[in-house]
Amino acid sequence: MKRTNISWIAGSLLAGVLLFSCSKGVSDSAEAENAPVRFGLDTRVGEPVEQGTTYRIMVYNAVENTSQFLFARTGTYYLKEEASAEGIAELTACRLDDSGAYLADDAEAGLNGVSGTYYVLFVSPGVRNNSDGSFDVNPRTGKFVASELPERKDIGSYGRVSMSKPMKEYRAMIGIDFYKASNPSVDGFEISDLALVGAGAADEAVRLFPGSRQVEAGREGALAVGLTDRRADGATDGSGNPLFYETQESGRVAVVPAIYAPKNEVAETLKTTVTGNLRESDYLYMTCTMKQGSRDNIAIRMPLTAREEMRELLPQHIYLFRVVVSSNYIRLEVDVFDKSGNDWEDGGSDGGTIGTPDYTVALGTWRIVGEGDDWELIPIEDQIIG
C-alpha cells in the first residue's frame, strides 16, 4: 500500500510538471505571436518632427520568393513624446481615422507579432491604404509624404526598428527645354502639344505600390507640359545653342516618384529575379509635334527614363530635360536637382534657373527619318550633332 501511494504521488507530480510546461509553452507562444514591435524615428535625419505627428507603417515581404514585394501588414502610430537627447523618438501605437488623424492610444493598432524580413515604409500622416498595400496619389492636387525609399529590415519582438531614410513629399517635378543646334545651317523649328505619357492625367490619382516602387496609371493619360517661346530672346546654353522653347517654373509638371521602366528592367533595379508580383509597366515618355523647314507634323515620342541611371525618379527631385534639335538629329539629356526641406519647390525664376544641377545624364540621340507627312525617330549611337 505504501508503495502504491508513492507511485501515485510521483505520477501526480510528473503530470503537474508536464501540464505546467505545456501551459507555459502555449502562453509563451501566444505572447510571442502578439508581442509588440517597437518603432522609432531618428530625428537627426531629415526635417524636425512635431509631437503628435501620426504615421502608418507599411511592411511588404522582402524575402526573395513568390511573396516578395506583396503587402504583409500595417500598423498605426504617433509621436506621443518628444525625442530623447540622442535624437531617437519612439512611436506609440494608436488608432487613426482614414485621413491619418489621431483618435486614441491603442496597443492593438500596432504591428504586433510581426517577425521576419520586410521592406518597411513610413507614411505621414498615417492615411488609409488600399487593401493591396497601395496608395492613390495625385501629386498635382494633394500631398503624400513617406519614407524616401522603403528599407529592408529584420523585424521581431526585440530592439527598436528605426528608419534611416528621411520623410519626403512624393513628388518629382519635370520641365523640358528645346534648343536649336548652333550650326547656322540648321533650320528653326516649332514645337506644339508637349506632354508626358506614362504618369497619368492631370486629374488622375495613380496607384503607388511602395513595395516594388512602381505606379499604375491609365494608358491613355497625358500631362501637358508648359512651354514659353524664347526664340526672340537670344538666350543660349553653355555650348552656344539658342534656346527656342522653355518650361518655366510655373509650367513644370508634378509626377509620382517611381521606377518607370518595363518589368524586366524594374527587376534589375530592385536586384531581384522574382517578377511575378511586379506590375506591368513602361518608360515615361515625352511626346510633342515638331515642324522644321519643309517637314511638318513630325511626331516626337522619346523615352525619358530608358537609361539605367534614370529608370527611377526620386522624391523631391527636379528633372530638367534638354532637347537639342539639328537638321536630322535630336539629342536629349537631363539636369537633375536633388532638393530637400519643406520649401524644396521654391527658388528659380521665370527664367527657370535653379542653380547648379547635382548631376547630368546624356539620354541618347535620335535620327529624324521619313518623307512627306510620315516621320519617325530612330535611336542611334550617341554622337555630337551640330
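Just so it is clear, the structure is predicted and the values come from calculations on it, not from any experiment. Per chain, residues are indexed from 1 in the order of the written sequence. The model is predicted, so local features are restricted to residues of pLDDT at least 70 and side-chain atom pairs to those at 80 or more, both for listing and for counting; the totals for chains, interfaces and linings are taken over all residues. Remark: hydrogens and water are excluded; side-chain values derive from all non-hydrogen atoms of the structure.

**Section: the sheet that holds strand β21 (residues 285–292)**
As a reminder of what qualifies: Strand pairing is assigned whenever DSSP detects at least two bridges linking the two strands. The helix count covers DSSP runs of H or I at least four residues long, the strand count covers runs of E at least two residues long, and both are numbered beginning at the N terminus. Angular values range over 0 to 180 degrees, each being the angle between N-to-C directions of two axes fitted as lines to C-alpha atoms, with helices fitted over their stretch in contact.
Spatial strand order, β17-β14-β21-β22: 4 strands in an open sheet with antiparallel pairing. At either end of the open sheet lies a strand with only one pairing partner, and these are β17 (222–224) and β22 (295–303). Strand-to-strand twist in this sheet, taken as the mean axis angle between neighbours without regard to direction, amounts to 25°. Bridge count for strand β14 (residues 189–197) against β17 is 3 bridges, and the pairing is antiparallel. Residue pairing for β17: Leu196 is matched across the bridge by Leu223.

**Some remarks on the pairing of strand β7 (residues 116–123)**
Stated precisely, the cut-off is as follows: Remark: exposure states derive from per-residue accessible area (1.4 Å probe, protein chains only) relative to the maximum for the residue type, with buried under 20%, exposed over 50%, and partly exposed in between.
Judged by how many residues are buried, β7 sits mostly within the fold: 6 of 8 residues are covered. As defined by bridge partners, strand β2 (residues 54–61) adjoins β7 across 6 bridges and the pair is classed as antiparallel. Among the inter-strand pairings, Tyr60 is bridged to a residue of β7, identified as Tyr119. Relative to strand β10 (residues 151–155), β7 runs antiparallel, the two sharing 5 bridges. Opposite Tyr118, over in β10, you have Lys153 as the bridge partner.

**A short note on empty space enclosed by the protein**
Quick reminder of the rule: Using protein atoms alone on a 1 Å grid, points that fit a 1.4 Å probe yet trap it form a cavity, whereas open point sets bounded by protein on both sides within 12 Å along at least five of seven lines form a pocket; residues with an atom within 4 Å of a point count as lining. Grid points are joined across faces, edges and corners, and a volume is the space filled by probe spheres set on the points. Three classes are used: nonpolar for Ala, Val, Leu, Ile, Met, Phe, Trp, Tyr, Cys and Pro, charged for Asp, Glu, Lys and Arg, and polar for all others, with Gly counted as polar.
Taken as a whole and judged by the stated rule, the model has 1 cavity of 30 Å³ or more. By volume, the largest cavity amounts to about 80 Å³. Lining the largest cavity are 13 residues; nearest its centre among them are Leu149, Tyr170, Arg213, Pro257 and Glu312. Residue composition of the lining of the largest cavity, by class: 10 nonpolar, no polar and 3 charged.

**Structural notes on the sheet that holds strand β1 (residues 38–42)**
Here 3 strands make up an open sheet; going across it, the order is β4-β1-β11 and the pairing mixed. Where the open sheet ends on each side, the last strands, each with one partner, are β4 (88–90) and β11 (160–163). Pairwise comparison of adjacent strand axes, ignoring direction, gives a mean angle of 35° for this sheet. Of the pairings in the sheet, the one linking β1 to β11 comprises 4 bridges and is parallel in character. Opposite Phe39, over in β11, you have Val161 as the bridge partner.

**Considerations on the confidence of the model for the protein**
What counts here: You can read pLDDT as the predictor saying how much it trusts each residue, on a scale of 0 to 100. Contact criterion: two residues are considered in contact whenever any of their non-hydrogen atoms come within 4.5 Å of each other.
Looking at the protein, pLDDT values average 87 and 86% of them are 70 or higher. Contacts of residues 1–31 to residues separated by more than four positions or lying in other chains number 0 contacts, the stretch itself having pLDDT below 50. Across residues 347–352 the pLDDT falls below 50, and counting only partners more than four positions away or on other chains, this stretch makes 13 contacts in the model.

**What about the pattern of salt bridges?**
Note the following rule: Every case where a carboxyl oxygen of Asp or Glu lies within 4 Å of a side-chain nitrogen of Lys or Arg is listed as a salt bridge.
Using the criterion set out here, one finds 20 salt bridges in the structure. Across the salt bridge formed by Glu90 and Arg160, the nearest N and O atoms sit 3.2 Å from each other. With Glu90 in strand β4 and Arg160 in strand β11, this pair connects stretches of sequence that are 70 residues apart. Glu90 sits in the partly exposed class, given a relative accessible area of 31%. A salt bridge links Asp136 to Arg207; the nearest nitrogen and oxygen atoms lie 2.8 Å apart. Of the two residues, Asp136 is situated in strand β8 (residues 135–137) and Arg207 in strand β15 (residues 206–209); the sequence distance between them amounts to 71 residues. On the basis of relative accessibility, which here comes to 42%, the residue Asp136 falls in the partly exposed class.

**Comments concerning the pairing of strand β5 (residues 92–96)**
Here strand β3 (residues 71–78) pairs with β5 via 2 bridges, running antiparallel. Residue pairing across strands places Tyr77 opposite Ala93, the latter belonging to β5. Looking at chain direction, β5 and strand β6 (residues 102–105) are connected through 3 bridges and run antiparallel. Within the sheet, the bridge partner assigned to Leu96 lies in β6 and is Tyr102. Linking β5 to β6, which pair antiparallel, is a turn of 5 residues; within it Gly100 sits at a positive phi near 90°.

**A few points about unusual backbone geometry**
The omega angle of the peptide bond from Ser124 to Pro125 is -5°, so this bond is cis rather than trans. Mapping Pro125 onto the fold places it in the loop between β7 and β8. Phi angles above zero are rare outside glycine, and Phe69 is one such case at about 80°. By the secondary structure assignment, Phe69 is in the loop between β2 and β3. Under the relative-accessibility criterion, Phe69 is labelled buried at 6%.

**Here's the deal with the nonpolar core**
As a reminder, the rule being used: Definition used in this section: a nonpolar core is a set of buried Ala, Val, Leu, Ile, Met, Phe, Trp, Tyr and Cys residues joined via side-chain atoms within 4.5 Å.
With 66 residues, the main nonpolar core has Phe178, Leu196, Val255, Met286 and Phe321 as its most contacted residues. Examining the composition of this core, we find that 5 residues originate from one element, β14, more than from any other. Apart from the residues lying within four places of it in its own chain, the contact partners of Leu196 are Ile174, Ile176, Gly221, Ala222, Leu223, Val225, Val253, Val255, Leu284, Tyr285 and Leu304.

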